[in-house]
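One letter stands for each residue in the lines below.
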Amino acid sequence: MPSFDVVSEIAVNEVQNAVDNANREIKTRFDFRNVDATFTLEKEQIKLAADADFQINQMLDILRDKVAKRSIDPTCLDMKQEVEQSGKRYFKNVSLKQGIETDVAKKIVKMIKDSKIKVQTQIQGDSIRVTGKKRDDLQEVIALIRKAELGQPFQFNNFRD
């Protein structure tokens, strides 16, 4: 029976390249001249540091642009944390959404079942296995998931006949 996996993965090396490009752009921009502003990638977070609050907001726009240019969906960036201040410095941590959380996985499974497409779904850790008798049904499920806006990008791999 044909099947595929729904996953949410990010190429960390591409994120590192986007962070490096953002740091390079900050060094050349006129509005950041003589300003100590940096991006650093630490595990699953990108840390932004600058001298002012409005500069952090400008840095977020630069980061979104650089991530999009590296063909990574900007919705994988979790920017919910507030800007922190420590002395004269401002900081913000941007988390990378990787893997499918159980509540999002349950939403996807419910959405597939509500669509009445004849497939079976299984939540397997941070991925979802979708199995069906017809390839067309699986392609309908892929289109359904792509159309739904669930706040993070999804990839479809291990497509087997």
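Just above, that's the structure.
Throughout, residues of each chain are indexed from 1 in the direction in which the sequence is written. Confidence filtering applies because this is a predicted model: local features only for residues at pLDDT of at least 70, side-chain atom pairs given and counted only at 80 or more, and all residues used for totals across whole chains, interfaces and linings. Calculation of side-chain values draws on the structure's entire complement of heavy atoms; hydrogens and water are dropped beforehand.

Here's the deal with the overall build of the chain
As a reminder of what qualifies: In this description a helix means any DSSP run of H or I spanning at least four residues, a strand means any run of E spanning at least two, and both kinds are numbered starting from the N terminus. Here the globule rule is a power law, 2.2 Å times the number of residues to the power 0.38, and the radius of gyration is based on C-alpha atoms. The convention is simple: Lys and Arg are positive, Asp and Glu are negative, and His and the chain ends are not counted. Charged groups are reduced to one reference atom each: NZ for lysine, CZ for arginine, CG for aspartic acid, CD for glutamic acid.
What the chain contains, in helices and strands, is four helices and nine strands. Secondary structure elements of the chain occur, N-terminal to C-terminal, as β-α-β-β-α-β-β-β-α-β-β-α-β. The globule rule puts the C-alpha radius of gyration for 161 residues at 15 Å, and the 19 Å found for the chain is more than 25% above it. One way to put it: in the chain the 28 positive side-chain charges average out to a point 3 Å from where the 26 negative ones average out.

With respect to the side chain of S127
Let me state the cut-off plainly: Here, residues are in contact when the closest pair of their heavy atoms is within 4.5 Å.
Note that S127 resides in strand 8 (residues 127–132). With residues near it in sequence (within four places) discarded, S127 still touches V6, V7, I100 and Q122.

Comments concerning the packing of helix 1 (residues 12–28) against helix 2 (residues 53–69)
Just so we agree on the cut-off: With axes taken as lines fitted to C-alpha atoms, and helix axes fitted only over the stretch in contact, angles between N-to-C directions fall between 0 and 180 degrees. Throughout, the term roughly parallel applies to angles under 35 degrees, roughly antiparallel to angles over 145, roughly perpendicular to angles from 65 to 115, and oblique to all others. Handedness of a helix crossing follows the sense of rotation of the near helix relative to the far helix, less than a right angle counterclockwise being left-handed and clockwise being right-handed.
With their axes 9 Å apart at the nearest point, helix 1 and helix 2 run at an angle of 135° to one another. The pairing of helix 1 with helix 2 is recorded here as oblique in orientation. In the crossing of helix 1 with helix 2, the sense of the turn from one axis to the other is right-handed. Contact with helix 1, carried on its side by A18, V19, N21, A22, E25 and I26, involves M59, I62, L63, K66 and V67 of helix 2 and no other residues of that element.

Concerning helix 4 (residues 135–147)
Using the following cut-off: Helices are assigned an expected span. That span is 1.5 Å times one less than the residue count. Only protein chains enter the accessibility calculation, which uses a 1.4 Å probe. A residue is then buried if its area is under 20% of the maximum for its type, exposed if over 50%, and partly exposed in between. Our arc is simply the arc of the directions from the helix axis toward the C-beta atoms.
Over its 13 residues, helix 4 runs 19 Å from end to end, which matches the ideal 18 Å to within 8%, given 1.5 Å per residue. Among all positions in helix 4, only D137, L138, V141, I142, L144 and I145 are buried. The buried side chains of helix 4 occupy one side of the element, clustering within an arc of 160° when seen end-on. Of the exposed residues in helix 4, those oriented more than 90 degrees away from the buried face are D136, R146 and K147. Contact partners of the buried residues in helix 4: strand 1 (3–7), helix 3 (102–114), strand 7 (119–124), strand 8 and strand 9 (155–160).

Points about the packing of aromatic side chains
This is how the line gets drawn: Two aromatic rings, drawn from Phe, Tyr or Trp (for Trp, its six-membered ring), form a pair once their centres lie within 6.5 Å of each other, and the interplanar angle then sorts them: stacked below 30 degrees, edge-to-face above 60, tilted otherwise.
The tally for this structure, following the rule as stated, stands at two aromatic pairs. Ring plane angle 75° and centroid distance 5.9 Å describe the contact between F4 and F156, whose orientation is recorded as edge-to-face. In this pair, F4 sits in strand 1 while F156 sits in strand 9, placing the two residues 152 residues apart along the sequence. Owing to a relative accessible area of 0%, F4 belongs among the buried residues under this scheme.

Let's talk about unusual backbone geometry
Not every positive phi belongs to a glycine, and S71 is a case in point at roughly 55°. Among the secondary structure elements, S71 is positioned in the loop between helix 2 and strand 4 (77–78). In this structure, N158 is a non-glycine residue whose phi angle is positive, near 55°. Mapping N158 onto the fold places it in strand 9. The exposure class of N158 is partly exposed, given its relative accessible area of 38%.

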